[in-house]
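Listed here are the chains, written in short residue letters.
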Amino acid sequence: MIRIGLAGWGDHDDLYTTPADKKDKLKVYSSHFPVVELDSSFYAVQPLRNTMKWVKETPPGFGFVVKAYQGMTGHLRGKNPFESTEQMFRAFAESIEPMREAGKLTAVLMQYPPWFDCIRENVDALREAKSLLDGLPLAVEFRHRSWYAPEVRERTLGFLEQEGWIHTVCDEPQVGSGSVPIVLRAANPDLTLVRFHGRNDSGWVGAPPGKSWRDVRYLYRYSRAELLEWKERLKVLERSSREVAVIFNNNSGGDAAANAKEMMELLGIEDEQGLAPRQLDLF
């Protein structure tokens, strides 16, 4: 099964065409897509009332890919609000328990920073995270090329498979050590995660004066030819995992929803997923 969605549900203006739509964005979103990436969890561990609300607002079978809190992946700058690593991981796990109980937790995404390279210390950090979040479906996204260097690629993938990690396959600009190549391999028989970041080489490493990185980093619209190429790649991954969850993150220019819809059309999966008929003629 291939399920396609977007990073977040708040910023995709082309999905919300009426005032009523804008008041109930998650409900409207879930009539278009069966899975979403939750980004607010990266900035703060969410209160239970939020996750309970999101579970109630989405239909049966809907899935959340929850991005891990920044303190758990080494992004945090400044004071950590938690007294210990164990407390931080425990609070995060408790915050998403309503999703797990409802069968709506597709994965926890551990997206590590570009400076998280392939060294023993960081392998140990992966093992610690896996232990502290035992029982949860964990996806790892590397952002340093050293994990996929020719001499260690098979060892990296073997480690993920042995430890039960979900592999995140990325499409992104190829501009040095802070980006990773497309590695078309599954590590977990249950799920493979695919994230489309766009291919804006010039905006990947920094923003021009007067612009924020959010304005340019994911500013890219995939062509039909590029999506057709990925259609075949997704089918390859589907043969290795029970589910492939695909997240379009190329939304600096508002392109993610349209590209996701086009990919769904190419794969012919709209009717199969039982989504609202209006998605067929939205774009």
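Residues numbered from 1 in each chain as written. Predicted model: local features only at pLDDT ≥ 70, side-chain atom pairs only at ≥ 80, totals over all residues. Heavy atoms only, no water.

Novice: Would you explain the nonpolar core in this entry?
Specialist: Burial of nonpolar side chains together is a common tendency in soluble globular proteins. Counting residues in hydrophobic clusters, the biggest one holds 69 residues, and the most contacted among them are Ile4, Met110, Trp165 and Phe248. The residues touching Trp165, leaving out its near neighbours within four places in the chain, are Met110, Tyr112, Leu126, Ala129, Lys130, Leu138, Ala139, Val140, Phe159, Leu160, Ala187 and Asn188. Within the second largest apolar cluster, eleven residues are counted, among which are Val65, Ala107, Ile166 and Ile247. (Core = buried A, V, L, I, M, F, W, Y, C linked by side-chain atoms within 4.5 Å. Buried < 20%, exposed > 50% of the residue type's maximum accessible area, 1.4 Å probe, protein only. Contact = heavy atoms within 4.5 Å.)

Novice: Is there a simple way to think about the environment of Phe64 in this case?
Specialist: With respect to the secondary-structure elements, Phe64 resides in strand 3 (residues 63–67). On a C-alpha basis, the gap between Phe64 and Glu86 in space is 23 Å, while along the polypeptide they are 22 residues apart. Those residues within four positions of Phe64 in sequence are excluded, and the remaining contacts are Trp9, Leu26, Val36, Trp54, Thr58, Met99, Lys104, Leu105, Thr106 and Ala107. (Helix = DSSP H or I, 4+ residues; strand = E, 2+ residues; numbered from the N terminus.)

Novice: So what exactly am I meant to see when it comes to the packing of helix 12 (residues 224–238) against helix 13 (residues 256–267) here?
Specialist: Packed helices, taken two at a time, are described by their axes: the angle between them and the distance between them. At a closest axis distance of 10 Å, the pairing of helix 12 and helix 13 adopts a crossing angle of 55°. In this view, helix 12 runs oblique relative to helix 13, as classed from their interaxial angle. Where helix 12 crosses over helix 13, the two elements pack in a sense that is right-handed. On the side of helix 12, the interface is formed by Arg224, Leu227, Leu228, Trp230, Lys231, Leu234 and Lys235, while helix 13 contributes Asn259, Glu262, Met263, Glu265, Leu266 and Leu267. (Axes fitted to C-alpha atoms, helices over the stretch in contact; angles between N-to-C directions. Parallel < 35°, antiparallel > 145°, perpendicular 65-115°, else oblique. Left-handed = near helix turned anticlockwise from the far one by under 90°.)

Novice: Any chance you could explain the layout of surface pockets here in plain terms?
Specialist: One way to see where empty space is left: roll a probe the size of a water molecule over the atoms. Within this model, the largest pocket holds a volume of roughly 900 Å³. Contributions of two or more residues to the lining of the largest pocket are made by strand 2 (35–38), helix 3 (40–43), helix 10 (201–204) and helix 11 (213–216). (1 Å grid on protein atoms, 1.4 Å probe; cavity = no way out; pocket = protein on both sides within 12 Å on 5 of 7 lines; lining within 4 Å. Points joined across faces, edges and corners; volume = space filled by probe spheres on them.)

Novice: Would you mind showing me how to read helix 6 (residues 85–95) here?
Specialist: Residues that lie three or four places apart on an α-helix share one face, since the helix turns once every 3.6 residues. Every buried residue of helix 6 is accounted for by Met88, Phe89, Phe92 and Ser95. Projection of helix 6 onto a plane perpendicular to its axis shows the buried side chains occupying an angular sector of 125°, all on one side. (Arc of directions from axis to C-beta.)

Novice: How do you make sense of the sheet that holds strand 5 (residues 138–141) when you look at a structure like this?
Specialist: Think of a sheet as strands paired side by side through backbone hydrogen bonds, with each pair either parallel or antiparallel. If you walk around this closed barrel you meet the eight strands as 1-2-3-4-5-6-7-8, and the pairing is parallel. Ignoring which end each strand starts from, the neighbouring axes of this sheet average 25° apart. Direction of pairing for strand 3 relative to strand 4 (residues 105–111): parallel, over a ladder of four bridges. Residue pairing for strand 4: Phe64 is matched across the bridge by Leu105. (Pairing = 2+ DSSP bridges.)

Novice: I would appreciate a short explanation of the pairing of strand 2 in the present structure.
Specialist: Looking down a regular strand, the side chains alternate between one sheet face and the other. Going residue by residue along strand 2, you find Val35 and Glu37 tucked away on one face and Val36 and Leu38 tucked away on the opposite face as well. Sheet analysis places strand 1 (residues 2–7) next to strand 2, joined by three bridges and oriented parallel. Looking at the pairing, Ala7 lines up with Glu37 of strand 2. Summarising the sheet, strand 2 and strand 3 pair through four bridges and their orientation is parallel. Opposite Val36, over in strand 3, you have Phe64 as the bridge partner.

Novice: Just checking my understanding: could you explain a negative patch on the surface for this structure?
Specialist: Together, Glu86, Glu121, Asp124 and Glu128 make up a negatively charged patch on the protein surface. If you trace the backbone, Glu86 turns up in helix 6. Look at Glu86 and you get partly exposed, because its relative accessible area is 41%. (Patch = residues over 30% accessible without salt bridge, like charges linked within 9 Å, V, L, I, M, F, W, Y side chains within 5 Å. Areas by Shrake-Rupley, 256 points an atom, 1.4 Å probe, with all protein chains shown as cover. Salt bridge = Lys/Arg side-chain N within 4 Å of Asp/Glu carboxyl O. Lys, Arg positive; Asp, Glu negative; His and termini not counted. Charge placed at Lys NZ, Arg CZ, Asp CG, Glu CD.)

Novice: Teacher, can you tell me more about the pattern of salt bridges here?
Specialist: Here the idea is simple: oppositely charged side chains can pair when their charged atoms come close. Evaluation of the coordinates by the stated rule reveals 15 salt bridges. Measuring nitrogen to oxygen at the nearest pair gives 2.7 Å for the salt bridge that ties Glu57 to Lys53. Residue Glu57 and its partner Lys53 are located together in helix 4 (residues 48–57), separated by four residues, close to a single helical turn. In this structure, the salt-bridge partner of Glu262 is Arg224, at a minimum N-O distance of 2.8 Å. Remark: Arg224 occurs in helix 12 and Glu262 occurs in helix 13; sequence separation between them is 38 residues. When its relative accessible area of 17% is taken as the criterion, Glu262 is described as buried. The exposure class assigned to Arg224 is partly exposed, which follows from its relative accessible area of 39%. Several salt bridges converge on common partners, so that one network encompasses Glu37, Asp39, Lys67, Glu141 and Arg195.

Novice: Explain the pairing of strand 5 here, please?
Specialist: Residues Leu138 and Val140 line one face of strand 5 and the alternating positions Ala139 and Glu141 line the opposite face, and both faces are buried. As judged from the four bridges shared by strand 4 and strand 5, these two strands associate in the parallel manner. When the sheet's bridge partners are listed, Gln111 is paired in strand 5 with Glu141. Each parallel crossover has a hand, and for strand 4 linked through helix 8 (residues 120–132) to strand 5 it is right-handed. Sheet topology places strand 5 next to strand 6 (residues 166–171); two bridges connect them, and they run parallel. What sits directly across from Val140, in strand 6, is His167. (Right-handed = clockwise from strand over helix to strand, strands pointing away.)

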